[in-house]
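Remarks on the overall topology
The lines below spell out each chain.
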Amino acid sequence: MSLNKHQELGLNDEDMAEMWYKMRLTRAVEERIGQLNRQGHVLITGTGRGHEAAQIGSVYALSPADWIALAYREQAVAIGRGMPLRDIFAFAMHRDTDPNSRGRQLPGHYSSPALHILSASSPVGTQFLHGVGSAWASYYEDRREATITYVGDGATSTGDAHAALNIAAVHKLPVIFFCQNNGWAISVPNRLQFAAESLAARAAAYGMAGEVVDGADLLAVYAATKRALARAYDGGGPTFIEARIRRLGSHTSEDDQRRYRSAEDIAADLAYDPLPKAEAYMREAGLLDDSLNQQITDRITAEIDDAQQYAMASPTPKPEDVLTHIYSHE
Ligand SMILES: Cc1ncc(C[n+]2csc(CCOP(=O)(O)OP(=O)(O)O)c2C)c(N)n1
């Protein structure tokens, strides 16, 4: 009997179903958080709509010992890595029960020692450096683990990106630069960001491996990340992965892409939505039918309702605590 693509990659049916579930869950979580934003319960939100396959495919390739450096758009990474939805909602709604920052950080800036998620930072491009620092620590202490750092296309134009890419290649550090090229840095399109044919093409000049992958293809991303991890573990040094995706929404809830993109352009991107693509695969592989799909929708709604109620009922941080939980020794 011929194997399905996920089986060829060493994934069983349960793994595949879980990845698909986490993609759907993330989409639904972000939709609910978007509604809560409009209702005034969430100050700001930047969704990863369109990024789900890239994020789930890459995070599922990691082992628990590996480290993750995040920017601000990686809900699917946090959910895929196992962050409970109650924590996700408590964070989004700035509650004192949020274990990421006790409601202090901007939503989406995850931080979890248990999940090996480094504290996310907002300044664009800094994630390159955090990834390299983390990988350098693993290398220095001779631990067989890698770091994946999530960056955007805009981040590649920073000086931090150059410094990090260069030194990572010089020292053959176990790091994966996972660039989610969604075509835009807020309102700046790719054509005003870089003139090279691809961002991954730059990898050769740094002396590292680089590849472009279809970021809407869950299993292609999983396979590319596995290749990069094998290289990292075996002393082969860093990899730059450019996952090509489409940003299926505005930059954040505070942006309106209709001010700088035509309606036709926005509509054309819908063809690159990773969710229908993954659903078609699930059905073809015999892992999904209408009845199961409905059960999944119901399960997702119940999980999200529970998390939202938990966050709503949680207290906000007290003003007198504003200086606590700022330093790690506290
Ligand atoms: C150093 C710095 N400059 C500007 C900003 C404001 N800013 C936030 S996100 C962003 C665009 C980043 O684009 P990209 O790296 O492509 O990631 P995306 O938001 O598309 O995921 C900018 C300019 C910032 N956070 N940090």
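Please read all numbers here as calculations on a predicted model, not as lab measurements.

Another aspect to go through is the overall build of the protein chain. For the protein chain, the helix and strand inventory stands at twelve helices and seven strands. Over its C-alpha atoms the protein chain spans a radius of gyration of 19 Å, differing by no more than 12% from the 20 Å that the globule rule assigns to 330 residues. With respect to the principal axes defined by its C-alpha atoms, the protein chain has extents near 55 × 50 × 40 Å. The 330 residues of the protein chain split such that 53% are buried. Long-range pairs, those at least 24 residues apart, make up 74% of the contacts in the protein chain between residues at least 6 apart in sequence. Of the accessible surface of the protein chain, which amounts to about 14,900 Å², a share of 53% is contributed by carbon and sulfur atoms.

Attention now moves to the environment of His109. Looking at where His109 falls in the secondary structure, it is placed in the loop between α5 (85-92) and α6 (126-140). A residue is classified by how much of its surface remains accessible, and His109, at 4% relative accessible area, is buried. Distance from His109 to Asp15, taken between C-alpha atoms, is 27 Å for residues 94 residues apart in sequence. In contact with His109, not counting residues within four places along its chain, are Ala71, Tyr72, Phe91, Ala120, Ser121 and Ser122. Within polar-contact distance, the side chain of His109 engages the backbone oxygen of Leu106 at 3.1 Å. Here Pro107 takes part through its backbone oxygen, which lies 3.3 Å from a polar atom of the side chain of His109.

Each packed pair of helices is defined by two parameters, the angle between the axes and the distance between the axes. Interaxial distance between helix α2 (residues 13-38) and helix α12 (residues 290-313) falls to 10 Å at its minimum, and their mutual angle equals 45°. The angle between α2 and α12 falls in the class oblique. Between α2 and α12 lies a crossing whose hand is right-handed. Contacts between α2 and α12 involve Trp20, Tyr21, Arg24, Leu25, Ala28, Val29, Arg32 and Leu36 from the former and Asn293, Ile296, Thr297, Arg299, Ile300, Thr301, Glu303, Ile304, Asp305, Gln308 and Met312 from the latter. Within the contact of α2 with α12, the residues separate by chemical class into ten nonpolar, four polar and five charged.

This part covers the site of the ligand. Lining the immediate environment of the ligand, one finds 14 residues, of which Tyr72, Arg73, Gly154, Ala155 and Trp184 sit closest. Residue Arg73 places a side-chain N or O atom 2.8 Å away from an oxygen atom belonging to the ligand. Between the ligand and the protein, one listed contact pairs an oxygen atom with a side-chain N or O atom of His251 at 3.4 Å. Alone, the ligand offers 580 Å² of accessible surface; in the complex the protein occludes 66% of this. For the shell around the ligand, the class distribution of residues is seven nonpolar, five polar and two charged.

For the coordinates displayed, the defined rule picks out 20 salt bridges. A salt bridge links Glu242 to Arg244, with the nearest nitrogen and oxygen atoms 2.9 Å apart. Under the relative-accessibility criterion, Arg244 is labelled partly exposed at 37%. Notably, a salt bridge pairs Asp269 with Arg261, separated by 2.7 Å at the nearest N-O pair. For the pair Asp269 and Arg261, one class covers both residues: buried. One network of salt bridges, in which partners are shared, links Arg246, Arg261, Asp265 and Asp269.

Reading the values: rules and limits
Residues numbered from 1 in each chain as written. Predicted model: local features only at pLDDT ≥ 70, side-chain atom pairs only at ≥ 80, totals over all residues. Heavy atoms only, no water. Helix = DSSP H or I, 4+ residues; strand = E, 2+ residues; numbered from the N terminus. Rg over C-alpha atoms; globule rule 2.2 N^0.38 Å. Buried < 20%, exposed > 50% of the residue type's maximum accessible area, 1.4 Å probe, protein only. Contact = heavy atoms within 4.5 Å. Areas by Shrake-Rupley, 256 points an atom, 1.4 Å probe, with all protein chains shown as cover. Polar contact = N/O pair within 3.5 Å; in protein donor to acceptor, adjacent residues only side chain to side chain. Axes fitted to C-alpha atoms, helices over the stretch in contact; angles between N-to-C directions. Parallel < 35°, antiparallel > 145°, perpendicular 65-115°, else oblique. Left-handed = near helix turned anticlockwise from the far one by under 90°. Nonpolar A, V, L, I, M, F, W, Y, C, P; charged D, E, K, R; others polar. Near = heavy atom within 4 Å. Salt bridge = Lys/Arg side-chain N within 4 Å of Asp/Glu carboxyl O.

Everything listed here is a matter of coordinates, which is why it stays silent on function.
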